[in-house]
Amino acid sequence: MRPTPLLALLVGLLGPALGSEAAEGVQPVLVSAAKAGPLADAVVSLVALEPGAPSAAPVANASIVQSDEQYSPFVSAVTVGSSVAFPNEDRIQHHIYSVSKAKRFEKPLYAPGSTESVVFDQPGVVALGCNIHDWMIAYLLVVGTPHYAKTNAEGRAELSGVPAGRYRLEVWHPRLAQPVTREITVATGNNAAAAFELTLRPDRRIRRAQDGKAGGY
């Protein structure tokens, strides 16, 4: 009997060769979507489950640019306490906002050429929108661990410098109903890649007009 996609996640999971005093190697994680192939913009993270593991993650400041009436990148990940800059590189105003539980904020009538920053002090998912351009949306995942990475166009993420021990592996994507979570052990002498398939919800994003025209101030 073939293993289910989620059971396949447990086969050859994270296990870089690591000593007690040093972290070695790179752990690849491969993510795909059912019937669609490699999946970009999934965030993979490891949360330590053993006592004594560092609980604080260093800040990882980032930028989410407003350009061509879009947010870029579509998905970002930072650690708790990080500051994210929002430069407006368009020639029109925007109106950034979030009503997410992890961070509620608003930047109305955001002028061209301006940049403001927001500190994200709580873990969780932050969905960003624009009150002027309904199709503008982006996602920011705020994590409490230094061990995280985002998949690239080939569906590949690499976690490096992970000490040996027990972890909760979390895989998040904007179109997942809920994150995939499993307990795993990072052990010595096993660098096999974690490879698994996700079932995603339909993409409900609003599309821009074909002529590229859009309202704005």
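Right above here is the structure, for reference.
Let me sum up the structure you'll find in this document. (Residues numbered from 1 in each chain as written. Predicted model: local features only at pLDDT ≥ 70, side-chain atom pairs only at ≥ 80, totals over all residues. Heavy atoms only, no water.)

## Quick notes on the sheet that holds strand 10 (residues 103–110)
Two pairing modes exist for strands in a sheet, parallel and antiparallel, and in both the strands are linked by backbone hydrogen bonds. Put simply, the rule reads: A pair of strands is considered paired only if DSSP assigns at least 2 bridges between the two. Only DSSP runs of H or I with at least four residues qualify as helices, and only runs of E with at least two residues qualify as strands; both kinds are numbered from the N terminus onward. Throughout, an axis means a line fitted to C-alpha atoms (over the contacting stretch in the case of helices), and angles, computed between N-to-C directions, take values from 0 to 180 degrees.
Spatially, 5 strands are ordered 7-13-12-9-10 in an open sheet, and the strand pairing comes out mixed. Strand pairing shows two members of the sheet lacking a second neighbour, strand 7 (75–79) and strand 10, which therefore form its edges. Averaged over all pairs of adjacent strands, the angle between strand axes in this sheet comes to 20 degrees, irrespective of strand direction. Examined bridge by bridge, strand 7 and strand 13 (residues 137–143) share 5 bridges and lie parallel to one another. Among the inter-strand pairings, T79 is bridged to a residue of strand 13, identified as V143.

## Looking at the sheet that holds strand 4 (residues 62–63)
The 3 strands lie next to each other as 4-8-11, forming an open sheet whose pairing is mixed. Edge strands, defined here as strands with exactly one partner in the open sheet, are strand 4 and strand 11 (115–120).

## Section: the nonpolar core
Inclusion rule: By nonpolar core is meant a set of buried Ala, Val, Leu, Ile, Met, Phe, Trp, Tyr and Cys residues that side-chain atoms within 4.5 Å join together. Only protein chains enter the area calculation, which uses a 1.4 Å probe; residues under 20% of their type maximum are buried, those over 50% are exposed, and those in between are partly exposed. We call two residues in contact whenever any of their non-hydrogen atoms come within 4.5 Å of each other.
Counting residues in hydrophobic clusters, the biggest one holds 22 residues, and the most contacted among them are V31, V44 and L198. Elements that contribute at least two residues to this core include exactly strand 1 (26–33), strand 3 (43–48), strand 15 (156–160), strand 16 (165–172), strand 17 (180–186) and strand 18 (194–198). Setting aside residues up to four positions removed in sequence, L198 forms contacts with V31, S32, A33, A34, L39, V171, L176 and V180. Membership of the second largest hydrophobic core comes to 20 residues, among which are Y71, V118, L128 and C130.

## Examining the layout of surface pockets
Counted only if it meets this: Residues are called lining when one of their atoms sits within 4 Å of a cavity or pocket point, these points coming from a 1 Å grid over the protein atoms alone, where a cavity is a set in which a 1.4 Å probe fits but cannot get out and a pocket is an open set with protein on both sides within 12 Å along at least five of seven lines. Grid points are joined across faces, edges and corners, and a volume is the space filled by probe spheres set on the points. Throughout, the ten residues Ala, Val, Leu, Ile, Met, Phe, Trp, Tyr, Cys and Pro are labelled nonpolar, Asp, Glu, Lys and Arg are labelled charged, and all others, Gly among them, are labelled polar.
Here the largest pocket is characterised by a volume of approximately 360 Å³. Around the largest pocket, the lining is made up of 21 residues, and of these H173, R175, R201, P202 and D203 lie nearest the centre. The class makeup of the residues in the lining of the largest pocket is 12 nonpolar, 3 polar and 6 charged.

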